[in-house]
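# What the coordinates show
In case you want the letters, here they are:
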Amino acid sequence: MSDPQTVHFYDENAARYAGFTAGLSMTQQIDQFLNQLSSNARVLDLGCGSGRDLKYLAERGCDALGLDISLGLARHAAAFAHRPVVVADIAQLPFSTGSFDGIWASASFLHLRRGEMTDGLLEARRIIRPRGTLFTSLKMGEGESRTSDQRFFTYVMPDEWEVMLRSAGFRDVRLEFDQEFSKNGEKWIRAFAS
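The notes below deal with the structure included here. Computed from a predicted model, the values in this text were never measured in an experiment. (Residues numbered from 1 in each chain as written. Predicted model: local features only at pLDDT ≥ 70, side-chain atom pairs only at ≥ 80, totals over all residues. Heavy atoms only, no water.)

The set of residues buried in helix α5 (residues 71-81) consists of Gly 72, Leu 73, Ala 74, Ala 77 and Ala 81. Of the residues flanking the start of α5, the one acting as N-cap is Ser 70, its side-chain oxygen 3.3 Å from the backbone nitrogen of Gly 72. One or two positions beyond α5, positive phi appears at His 82, with a value near 55 degrees. (Buried < 20%, exposed > 50% of the residue type's maximum accessible area, 1.4 Å probe, protein only. Helix = DSSP H or I, 4+ residues; strand = E, 2+ residues; numbered from the N terminus. Polar contact = N/O pair within 3.5 Å; in protein donor to acceptor, adjacent residues only side chain to side chain.)

Quick look at the structure:
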């Protein structure tokens, strides 16, 4: 289900991408996320990218595990965060039902095609324990596009994302919006769902 051109970009540019994202802190959002979990929670960083958030999750006392579709990013994340990282697709997660207290999915679902997002959310719901928390962040907008570096993106509107989360079995959904990561005016949707 993953887009081969997007995976290729991240495989070939893992170190450069890690350098780009290193200065983009998500600590405030991670702290909000962790406030909804018990101490020592088992957390999956779904689409862990460079390992920046995975490392912070571990530093905050989580039993943190990373997952990424890109072997290049997975290797970088494991070395940087000193945590295990699994190479797998979001839509086919290699974990048993109820394996995690929380799932951190920052800027990962946005690389799935709109029709595949539901499969990924259903998988997230399957592997998260009852009353567990899912965090997601996506670019706000409509349609799909491929950037000049050949990465694929799907944009969603807030109401659409809330419907998708609820359809996957998440009942308590809270949405927030910001431009924190944007250098070009893009808006981001952040969602906490359980």
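Back to the write-up after that little detour.
Where helix α2 (residues 14-21) contacts α5, the axes come no closer than 9 Å and their chain directions differ by 55 degrees. Looking at the two axes, α2 sits oblique to α5. Handedness of the α2/α5 crossing: right-handed. Residues Ala 14, Ala 15, Tyr 17 and Ala 18 of α2 lie in contact with α5, whose contacting residues are Gly 72, Leu 73 and His 76. Residues of the contact of α2 with α5, tallied by class, amount to 5 nonpolar, 2 polar and no charged. (Axes fitted to C-alpha atoms, helices over the stretch in contact; angles between N-to-C directions. Parallel < 35°, antiparallel > 145°, perpendicular 65-115°, else oblique. Left-handed = near helix turned anticlockwise from the far one by under 90°. Contact = heavy atoms within 4.5 Å. Nonpolar A, V, L, I, M, F, W, Y, C, P; charged D, E, K, R; others polar.)

Moving on, we come to the nonpolar core. Note that soluble globular proteins tend to have their nonpolar side chains buried in a common cluster. Among the nonpolar cores identified, the biggest contains 34 residues, and Leu 44, Leu 46, Phe 109, Leu 134, Trp 161, Leu 165 and Phe 170 are the most heavily contacted of them. Going through the elements one at a time, β1 (42-46), β2 (63-68), β4 (100-106), α6 (114-127), β5 (128-139), α7 (158-167) and β9 (188-193) are the ones with two or more residues in this core. Those residues in contact with Leu 134 that sit more than four places away from it in its chain are Ile 103, Ala 105, Leu 121, Ala 124, Ile 128, Leu 165, Phe 170, Ala 191, Phe 192 and Ala 193. The next biggest cluster of nonpolar side chains, apart from the first, holds 20 residues, and it includes Cys 62, Ala 74, Ala 77 and Phe 192. (Core = buried A, V, L, I, M, F, W, Y, C linked by side-chain atoms within 4.5 Å.)

We now examine the sheet that holds β2. As summarised here, the arrangement of the 7 strands in space is β3-β2-β1-β4-β5-β9-β8, forming an open sheet in which the pairing is mixed. The open sheet terminates on both sides in strands that have one partner only, identified here as β3 (85-87) and β8 (173-178). Strand-to-strand twist in this sheet, taken as the mean axis angle between neighbours without regard to direction, amounts to 15 degrees. Two strands pair when backbone bridges link them, and β5 and β9 are joined in this way by 6 bridges, in the antiparallel orientation. Within β9, the position partnered with Lys 139 by the bridge is Trp 188. (Pairing = 2+ DSSP bridges.)

With that settled, the discussion passes to the pairing of β1. Remember that side chains alternate between the two faces of the sheet whenever the strand is regular. With 4 of its 5 residues buried, β1 lies for the most part within the structure. One crossover worth recording links β1 to the parallel β2 by way of helix α4 (residues 52-59), and it is right-handed. Both β1 and β4 contribute to a ladder of 3 bridges, which runs parallel. Following the sheet pairing, Asp 45 is matched in β4 by Trp 104. (Right-handed = clockwise from strand over helix to strand, strands pointing away.)

Moving on: the packing of aromatic side chains. Where two aromatic rings form a pair, the distance of their centres and the angle of their planes describe that pair. According to the stated counting rule, one finds 7 aromatic pairs in the structure shown. Considering the side-chain rings of Trp 104 and Phe 135, the 3.9 Å spacing of their centres and the 10 degrees angle between planes classify their relative orientation as stacked. Here Trp 104, found in strand β4, pairs with Phe 135, found in strand β5; they are 31 residues apart in sequence, far enough to count as distant. The two residues Trp 104 and Phe 135 agree in class, both being buried. With 6.4 Å between their ring centres and 25 degrees between their planes, Phe 153 and Tyr 155 make a pair best called stacked. For Tyr 155, a relative accessible area of 14% translates into the label buried. Members of the aromatic cluster, each reached through a chain of ring pairs, are Phe 33, Trp 104, Phe 135 and Phe 192. Looking at Arg 125, its charged tip hangs above the ring of Phe 170, at a distance of 4.8 Å from the centre. (Phe/Tyr/Trp six-rings, centres within 6.5 Å; stacked < 30°, edge-to-face > 60°. Lys NZ or Arg CZ within 6 Å of the ring centre and 35° of its normal.)

For the coordinates displayed, the defined rule picks out 0 disulfides. Counting only cysteine sulfurs, Cys 62 is the nearest neighbor of Cys 48, a cysteine outside any disulfide, at a range of 14 Å. Residue classification places Cys 62 among the buried positions, given a relative accessible area of 10%. (Disulfide = S-S within 2.5 Å.)

In short, the description is geometric, and any link to function would need to be established separately.
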